[in-house]
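Coordinate inspection notes
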Amino acid sequence: MPAYEQQVREAFPELEDIENAQLREQVVEAWVLGLERGGWQDIEDIPYAWNIHEVSNVEHVRGVTRIAREGAREHRAFHGADPDMDTILAAALLHDVGKCYEYTDHVDDGLVDPDPTYASEEIPHSISGYALAHEVGCPLSVQRAIPHFLGEVPKRTLEAELVKSANSMSSNAITQAAMGITLQEWVDEYSQTS
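Let us look at the structure shown here. (Residues numbered from 1 in each chain as written. Predicted model: local features only at pLDDT ≥ 70, side-chain atom pairs only at ≥ 80, totals over all residues. Heavy atoms only, no water.)

This part takes up the packing of helix H2 (residues 21-38) against helix H4 (residues 85-94). Two measures define how a pair of helices packs: the angle their axes make with one another and the distance between the axes. Following both chains from N to C, one finds H2 and H4 inclined at 10°, their axes separated by 10 Å at the closest point. As far as their axial angle goes, H4 and H2 are roughly parallel. Along the contact surface, H2 presents Leu23, Val27, Ala30 and Trp31, while H4 presents Asp86, Ala90, Leu93 and Leu94. Residues that form the contact of H2 with H4 fall into these classes: 7 nonpolar, no polar and 1 charged. (Axes fitted to C-alpha atoms, helices over the stretch in contact; angles between N-to-C directions. Helix = DSSP H or I, 4+ residues; strand = E, 2+ residues; numbered from the N terminus. Parallel < 35°, antiparallel > 145°, perpendicular 65-115°, else oblique. Contact = heavy atoms within 4.5 Å. Nonpolar A, V, L, I, M, F, W, Y, C, P; charged D, E, K, R; others polar.)

This is the structure in structure tokens:
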């Protein structure tokens, strides 16, 4: 069996920026569960999107985490806001952990051996990511900042908005670089086929 915990720690050096040790370990635990149940051989094999394999999910998650962290710093310095950095970092690191379940059908069979109890496209990855965070005991503030599609969470916090905005920024950069289109153009073109 792959050494999932080691893979997660090596893939996401931003984990060390989470000050709360328990929260840091919960993030690792959620990823390990996702990888085990998704049956992934390597965390780097999870693609950013079902049809964009040039960028890994790890690269995207790290980008979102870094963008959200810098956004929080700017909000603090420029606006005097006080977003919770641990919440932002944990939620950003977990916002796409659900792709461990959702994208198993979009890679070569040799890369995954999924548990059909969990692995499926039936549940969007932001919802299964929320469920993983809940299962490992992440605080509600982190859980509610993981779902990043409109309508999934009734009340948005500053931390949730920072993660959602960082996700959009990273996603736009990736779709532009990989396909020459904006994220909205990607959604418009592929939402019917995905």
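Here the idea is simple: oppositely charged side chains can pair when their charged atoms come close. By the definition in use, this model includes 11 salt bridges. The salt bridge involving Glu5 is made with Arg9; its shortest N-O contact spans 3.0 Å. Placement of both Glu5 and Arg9 in helix H1 (residues 4-11) is noted, with a separation of 4 residues, approximately one turn of the helix. Given a relative accessible area of 28%, Arg9 falls into the partly exposed group. Residue Lys164 pairs with Glu161 through a salt bridge whose shortest N-O separation is 3.5 Å. Taken together, the residues span about one helical turn, with Lys164 and Glu161 both in helix H8 (residues 158-179) at a distance of 3 residues. (Salt bridge = Lys/Arg side-chain N within 4 Å of Asp/Glu carboxyl O. Buried < 20%, exposed > 50% of the residue type's maximum accessible area, 1.4 Å probe, protein only.)

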